Amino acid sequence: MAVTKTIEVALSTTGLGPDGRPIRIPLGAEGLTSAPPSLEPELEGEHMLINIGPQHPATHGVLRLVLELDGETVVRCIPHVGYLHCGFEKIGEYRQYNQIIPWTDREDYLNSMGNNVAFALGAERLFGIEITARCTVLRVMAMELSRIISHLVWLGTTCIDIGAFTPFLWCFQERENVYKLLEGWTGARLTTSGSRVGGMIADVPSGWTDGLRAFLRQFPKTLDEVDRMLTRNAIWVGRTVGIGVMTPEEAINYGLSGPMLRASGVAYDVRKDVPYLDYETYDFDVPVGTNGDVYDRFLVRFEELRQSVRILEQALARLPEGPVDVDDPRVILPPKHKATSEMESMIHHFKLVMEGPRPPIGEAYVPVESPKGEKGYYFVSDGTAKPVRWRIRPPSYVNLSAIPRMVEGHLLSDVIAINASIDIVMGEIDR
Amino acid sequence: MSQSASRDPGAPAFAVVHTGQPGAPAPKTPRSLPHRGGEANPTLEALRTRFGGAIGRHEVVWGDTTVYIARERVAEIAQWLHDDPTQRYDYLVDVTAVEYRDGVRPLEVVWHLRSLSYRRFLRLKAELPTDGATPLEVPSVWGVWKGADWLERECYDMFGIRFVGHPDLRRILLWEDYKEGFPLRKDFPLRGRFSRAEQLTNALAADPETRYSMEELSVADAFESLPEDMRKRLGGGERVGE
């Protein structure tokens, strides 16, 4: 007991030696090579319950994690979600199809353009509409640009969580460049509401493609810089390798998708497996990890950024001329000058705005590869202008549900890294 | 833990799992899907052969096959779909439910399944009559897919459907002692049981525990003690946004 006392005092107050210098206890000194005796033996084996969030910078929003700790090791993790719940799906049942599109901006708000397009794709399946060739390519651009935004935010915030600050600034600078492009196209940075059933809010303005080309020239250079900064960085590797491992079988069974699933070695990418928007005609690779840890998730997302650049370059090269909106009077408004000068067009305009387009009775689910994973909108229509059911398949909700499995047995500090690696957006989880 | 020290970052731990069958043609973006009809998922015939009477009608809508199954046998059918080497529906996409506006069609519980190895998509549905006599219960598929955990909890939270066999069926998006009901049911008004002003008044009351207690919010209990105008509005069902 007396020995314990000495160590306790020595560790807590270093004090000064007889020569006036601070007393240092060398690490790994004799008696400390094995586990040190517990300073408070009555607490041995007792677990501590700690609470992270909902207001905590490392929970990326309002996630709350209740952790049961044995020392610093997580024994059990109980996540609590729902702090942002505002009933998007209920509201969607009271809105016409085009009126729901602004809500899709606000669920996964880092990927708003991608959500808009995913929504339009689902609704068009329900209406039986085939979009135009120009619209298809524009939508590919929209989806890949929002993938870049989302992955950049993920990368920047994860760097901060793990202790690097500089890549965050580089990432957010590039993200601002993409937002400038989106703002030029839709008029808004975050809440783009860029798509409509049967088309887009507008064609891209003249000169927009030059801006995109300039971005694609300079963006890979930033990526290279971040690559040099992180990929072989000892701290980064030490904090991420071997942390939060999911085996491929587990990952599939837990319903993980997107980079989370691919980092575990499952080559499932909606763009390849259930293609949409002619993704099968683009030449791009799907990066797949082999270790299923946080480091592999980083590598997968990082490579996806480069692949998005490839897809965007191909899309720019093939962007055809022609109309953006489909020629279908069920969903597309007549030209404004006709609506103000011709009786029939005015009635058409009035009925479309007031009553809304009516899809046939049926249901449709069109998955897309959002930055977070497989996202899809499931519509059930009873033939009226408002869906009976509008369901969001939220990838980060399902990905987050595996966090108790991923963190158990890890240290408290690894919980932050694992949580960051899931790439959650609470707007999408709580909806 | 100790894993970090033990392995070389480059060494593969898992073999890559490829989707699709070797030699199968690459999937393409679907074009001109028929509204009704079209080719049904081959799993349908296999299900009929294996389970016979438990498989009800089916539909092919916009290219996706929907199969209605007997609600008591959901877990059994799911287990078979997951395990059978000719089906291998190893990926649970979604669990949700649909209630129709007409009040006649039963509530439907919907499972979206995907087979990564055969690149198939299947929609299973089980019908739950909302006559009050039938308990809103279906077997849980948590034992088959762990991903069902939160999806079933959300479905319970929003529709009140109990998934029998789920290990921890609590509300997830709403708080655990929320007593107003199940928001995605059609008899739930868009604004909730109380207007915004009433919710605010209740929340700001001097003693929120007595004014806004969860028991009080259980509308069935509180209904008699509500003011006349509120009772009238709630009795007629608040129609907001329609």
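Quick caveat: nothing in here was measured; it's all calculated off a predicted structure. (Residues numbered from 1 in each chain as written. Chains lettered and ligands numbered in written order. Predicted model: local features only at pLDDT ≥ 70, side-chain atom pairs only at ≥ 80, totals over all residues. Heavy atoms only, no water.)

A. Up close: the pattern of salt bridges. Residue and element names in this part refer to chain B. Throughout the structure, instances matching the rule amount to 46 salt bridges over all chains. Where R123 meets D64, a salt bridge forms, and the shortest distance between an N and an O atom there is 3.7 Å. Pair noted here: R123 is in strand 5 (residues 120-128) and D64 is in strand 2 (residues 64-69), with a separation of 59 residues, a long-range link. Comparing R123 with D64 shows no difference in burial state: the two are buried. Note that R171 and D157 form a salt bridge whose closest N and O atoms lie 2.6 Å from each other. (Salt bridge = Lys/Arg side-chain N within 4 Å of Asp/Glu carboxyl O. Helix = DSSP H or I, 4+ residues; strand = E, 2+ residues; numbered from the N terminus. Buried < 20%, exposed > 50% of the residue type's maximum accessible area, 1.4 Å probe, protein only.)

B. A look at a nonpolar patch on the surface. Taken together, the side chains of L333, F350, V353 and M354 of chain A make up a nonpolar region of the molecular surface, amounting to roughly 400 Å² of accessible area. Relative to the elements of secondary structure, F350 of chain A occurs in helix 14 (residues 343-354). (Patch = residues over 30% accessible without salt bridge, like charges linked within 9 Å, V, L, I, M, F, W, Y side chains within 5 Å. Areas by Shrake-Rupley, 256 points an atom, 1.4 Å probe, with all protein chains shown as cover.)

C. Region of interest: the interface of chain A and chain B. Contact with chain A, which involves 77 residues of that partner, is made by 73 residues of chain B. For the pair chain A and chain B, the two sides together bury roughly 6100 Å², of which 54% comes from carbon and sulfur. Connecting chain A to chain B are 11 salt bridges. The greatest single-element share of the side of chain A that touches chain B, amounting to 5 residues, is contributed by strand 6 (residues 362-370) of chain A. Taken together, the residues of the side of chain A that touches chain B sort by class into 37 nonpolar, 20 polar and 20 charged. (Contact = heavy atoms within 4.5 Å. Buried area = accessible area lost by both parts, 1.4 Å probe. Nonpolar A, V, L, I, M, F, W, Y, C, P; charged D, E, K, R; others polar.)

D. Representation of the confidence of the model for chain B in the model. Per-residue pLDDT for chain B averages 80, and the proportion of residues at 70 or more is 80%. Low pLDDT (under 50) marks residues 208-217 of chain B, which in the prediction has 20 contacts with non-local residues, meaning those over four places away or in another chain. (pLDDT = per-residue confidence, 0-100.)

E. Spotlight on the confidence of the model for chain A. All names here are of chain A. On average, residues of chain A score 86 in pLDDT, and 90% of them are at 70 or above. Across residues 1-14, where pLDDT falls below 50, the model places 6 contacts with residues more than four positions away in sequence or in other chains. Note on residues 26-36: pLDDT under 50 across the span, and 2 contacts to partners over four residues away in sequence or across chains.

F. Just unusual backbone geometry, in detail. At D278 of chain A, a position not held by glycine, the phi torsion is positive, near 60 degrees. Examined against the element boundaries, D278 of chain A turns out to sit in the loop between helix 11 (270-273) and helix 12 (294-318). Look at R88 of chain B: it is not a glycine, yet its phi comes out positive at around 50 degrees. Structurally, R88 of chain B is set in the loop between helix 3 (74-83) and strand 3 (91-98). Its relative accessible area of 37% is what places R88 of chain B among the partly exposed residues.

G. Main features of the packing of aromatic side chains. The full count for this structure, using the stated rule, is 22 aromatic pairs over all chains. Between the aromatic rings of Y365 of chain A and F121 of chain B, the centroid separation amounts to 5.5 Å while the plane-to-plane angle is 15 degrees, which identifies the pairing as stacked. Here F121 of chain B lies in strand 5 and Y365 of chain A lies in strand 6, a pairing that spans two chains. For the pair formed by Y365 of chain A and F121 of chain B, the shared burial category is buried. Each residue in the set Y97, F119, F127, Y377, F379 and W390 of chain A is aromatic and connected to the rest through ring pairs, giving one cluster. Between R431 of chain A and the ring centre of Y397 of chain A, over which it is positioned, the NZ or CZ distance is 5.1 Å. In this structure, R57 of chain B is placed above the aromatic ring of Y68 of chain B, and the distance from its NZ or CZ to the ring centre is 3.8 Å. (Phe/Tyr/Trp six-rings, centres within 6.5 Å; stacked < 30°, edge-to-face > 60°. Lys NZ or Arg CZ within 6 Å of the ring centre and 35° of its normal.)

H. Structural view of the packing of helix 7 (residues 208-230) of chain A against helix 12 of chain A. Residues and elements named next belong to chain A. Closest axis-to-axis distance for the helix 7/helix 12 pair is 10 Å, and the angle between their directions is 160 degrees. Between helix 7 and helix 12, the angle falls in the class roughly antiparallel. The crossing of helix 7 and helix 12 is left-handed. Contact residues: helix 7 offers T209, L212, R213, L216, F219, P220, L223, D224, V226, D227 and L230, while helix 12 offers F298, F302, L305, R306, V309, L312, E313 and L316. Classifying every residue of the contact of helix 7 with helix 12 gives 13 nonpolar, 1 polar and 5 charged. (Axes fitted to C-alpha atoms, helices over the stretch in contact; angles between N-to-C directions. Parallel < 35°, antiparallel > 145°, perpendicular 65-115°, else oblique. Left-handed = near helix turned anticlockwise from the far one by under 90°.)

I. Region of the structure containing the environment of Q307 of chain A. Residues and elements named next belong to chain A. Tracing the chain through its elements places Q307 in helix 12. For the pair Q307 and F284, spaced 23 residues apart in sequence, the C-alpha to C-alpha distance is 6.0 Å. When sequence neighbours within four positions are dropped, the list of residues in contact with Q307 reads F284 and D285. Here the side chain of Q307 touches E303 through a polar contact of 2.9 Å, side chain to side chain. (Polar contact = N/O pair within 3.5 Å; in protein donor to acceptor, adjacent residues only side chain to side chain.)

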